[in-house]
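# Working through the structure, step by step
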Amino acid sequence: MTVMQEVVVPSADADWELRDTEVPEPGPGQVLIRVHACGICGTDVWLTEAKLSFGPFPLFPGHEGVGEVVAVGAGVTSRAVGDRVGICTLQRGCGHCAWCTRAEPLDFVTAANCPNAVVTGMTARGAHADYLAVPDSATVLLPDGLSYELAAPVLCVGYTAWAGLRRADPRPGDRIAVSGIGGLGHLAVQYAKAAGFKTVAITRSEDKRRLALDLGANVVVGSGEELRAAGGADVLLATNNSNAAVVDAMQGVNPRGRVVLMGIAFDEFTVTTMPVVMNSLKILGSAHNGTQYLVEALELAAAGKVIPMVEVYGKDRIADAYRRAAEGKARFRAVVSYA
Ligand SMILES: [Zn+2]
Ligand SMILES: [Zn+2]
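Residues numbered from 1 in each chain as written. Chains lettered and ligands numbered in written order. Predicted model: local features only at pLDDT ≥ 70, side-chain atom pairs only at ≥ 80, totals over all residues. Heavy atoms only, no water.

## A closer look at helix α11 (residues 318-326)
Looking at α11, one finds that the buried residues are I318, A321 and Y322. The buried residues of α11 occupy one face: seen down the axis, they fall within an arc of 95 degrees. Contacts from the buried residues of α11 go to β1 (3-8), β2 (17-22), α1 (42-48), β16 (310-314) and β17 (333-337). G328 sits one or two positions beyond α11 and adopts a positive phi of about 70 degrees. (Buried < 20%, exposed > 50% of the residue type's maximum accessible area, 1.4 Å probe, protein only. Helix = DSSP H or I, 4+ residues; strand = E, 2+ residues; numbered from the N terminus. Arc of directions from axis to C-beta. Contact = heavy atoms within 4.5 Å.)

## A closer look at the environment of M309
By secondary structure assignment, the location of M309 is in the loop between α10 (291-302) and β16. A C-alpha to C-alpha distance of 9.0 Å links M309 and A334, two positions 25 residues apart in sequence. Sequence-distant contacts of M309, that is, excluding residues within four places in its chain, are made with H186, L211, L215, R331, F332 and R333.

## Here we look at the coordination of the zinc ion (ligand 1)
At 2.3 to 2.4 Å from the zinc ion (ligand 1) lie its protein donor atoms, namely C94 (SG), C97 (SG), C100 (SG) and C114 (SG). Around the zinc ion (ligand 1) sit four donor atoms, and with donor-metal-donor angles ranging over 105 to 117 degrees the site reads as tetrahedral. Mapped onto the sequence, the residues coordinating the zinc ion (ligand 1) show the spacing C-x2-C-x2-C-x13-C. Using a relative accessible area of 12% as the deciding quantity, one classes C97 as buried. (Donors = N, O, S within 2.8 Å, 3.2 Å for Na, K, Ca; no water. Tetrahedral: all angles 85-135°; square planar, octahedral: opposite > 155°, others 65-115°.)

## Concerning the packing of helix α4 (residues 157-167) against helix α5 (residues 185-194)
Interhelical geometry of α4 versus α5 gives an angle of 50 degrees and a closest axis separation of 9 Å. It follows that α4 is oblique to α5 by the angle criterion. Taken as a pair, α4 and α5 cross one another with a handedness that is right-handed. On the side of α4, the interface is formed by V157, G158, A161, W162 and L165, while α5 contributes L187, A188, Y191 and A192. For the contact of α4 with α5, the residue count by class is eight nonpolar, one polar and no charged. (Axes fitted to C-alpha atoms, helices over the stretch in contact; angles between N-to-C directions. Parallel < 35°, antiparallel > 145°, perpendicular 65-115°, else oblique. Left-handed = near helix turned anticlockwise from the far one by under 90°. Nonpolar A, V, L, I, M, F, W, Y, C, P; charged D, E, K, R; others polar.)

## Some points on the packing of aromatic side chains
This model, assessed by the stated rule, comprises four aromatic pairs. Pairing W46 with F266 gives two aromatic rings, centres 5.6 Å apart and planes at 85 degrees, and the pair type is edge-to-face. Of this pair, W46 sits in helix α1 while F266 sits in the loop between β14 (253-261) and α9 (273-278), and the two are 220 residues apart along the sequence. The class of W46 is buried, set by a relative accessible area of 18%. (Phe/Tyr/Trp six-rings, centres within 6.5 Å; stacked < 30°, edge-to-face > 60°.)

## Some details on the environment of A80
Within the secondary structure, A80 is located in the loop between β4 (65-72) and β5 (84-87). Considering only alpha carbons, one finds A80 and D136, 56 residues apart in sequence, at a separation of 9.5 Å. When sequence neighbours within four positions are dropped, the list of residues in contact with A80 reads V69 and V72.

## Describing the sheet that holds β14
Overall, parallel pairing links the six strands, which are arranged β12-β11-β10-β13-β14-β15 in an open sheet. With partners counted over all chains shown, the strands left at the sheet margins are β12 (219-221) and β15 (282-285), one partner each. When strand polarity is set aside, the average angle formed by the axes of neighbouring strands in this sheet is 20 degrees. Where strand β13 (residues 233-238) lies against β14, five bridges are found, and the strand directions are parallel. Paired with V235 across the two strands is R258, which belongs to β14. (Pairing = 2+ DSSP bridges.)

## Regarding α4
Of all the eleven residues making up α4, nine are buried; the element is thus mostly covered by neighbouring parts of the structure. Residues of α4 that are buried: V157, G158, Y159, T160, A161, W162, A163, G164 and L165. Buried residues in α4 make contact with β10 (175-179), α5, β13, β14, α10 and β17. Once α4 ends, the next one or two residues include D169, with phi positive near 50 degrees.

## Quick notes on the packing of α4 against α10
As a packed pair, α4 and α10 sit with axes 9 Å apart at the nearest point and diverge in direction by 110 degrees. In terms of orientation, α4 and α10 fall into the roughly perpendicular class. Helix-helix and strand crossings are classified by hand; for α4 and α10 the assignment is right-handed. Together, G158, Y159, W162, A163 and R166 of α4 and T291, Y293, L294, E296, A297 and L300 of α10 make up the contact between the two elements.

Dropping the structure here:
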């Protein structure tokens, strides 16, 4: 047997650790990927802390994996050895439950609604490993010129940011506000700017005000009231881990504006209905929404218009990398190199 290393979380709240295991064989319809990098997502933290669960421990995390195809299984024609690929979070649904029969795009809504969805790093083996075998259809080709370390965060958090903006269906000339400047928000600012929108960052943190301007924000404000005074926003991309901050930011949303909830906060989301009704606001959830948005997000990163800020760790420092991410200290994405 050929030995490789993979990350395992043995039980809830345990440290991430490496263990030796066998390199998988690609089955029919699968590709074997030599993983080069994988990011650590907020979702990984919730899974580790058992705030979110898709099954019993041990957990084999990692859904921001990118690498190179090194072998293909029987019947694979869409991928070849040497292809640089990103590994999709949603590999497939069961195909025959009430959700799957709707034949909707594969995205996180499938994970939430199909009882037997195959989800990388959640219900299936994850990409925090030297090698991973997945269906060829659960990969996207990486554009040329995009490094593995910068591609990895796009697979989930960049995809989330871009898909959230697309979900709002912005019109030319719309003003886009981003509340919360963290892993998701620092990318949402860049994606909104890259798409040509006037972009307002909302943060209360002094050190992030300067950063938001460097990332391309036209204006930085500290609250919804300040947002309104600065001309408001037609779209609010809410990336906070506090819903109270989102509700505050909504004070600056223009009539007929759209509020896109794309971060996950665990406090209650409580709004007064009157201003929402009187201003005909839309409040939308957003969860990846289809692989075409992942491809668009990767293209913008490859063009250098969006540059994820990453901290790269060798796999031998996996426990440190996880702690940094879990404590919210990574600026802004901890990415683990398996090269
Ligand atoms: Zn299903
Ligand atoms: Zn994620």
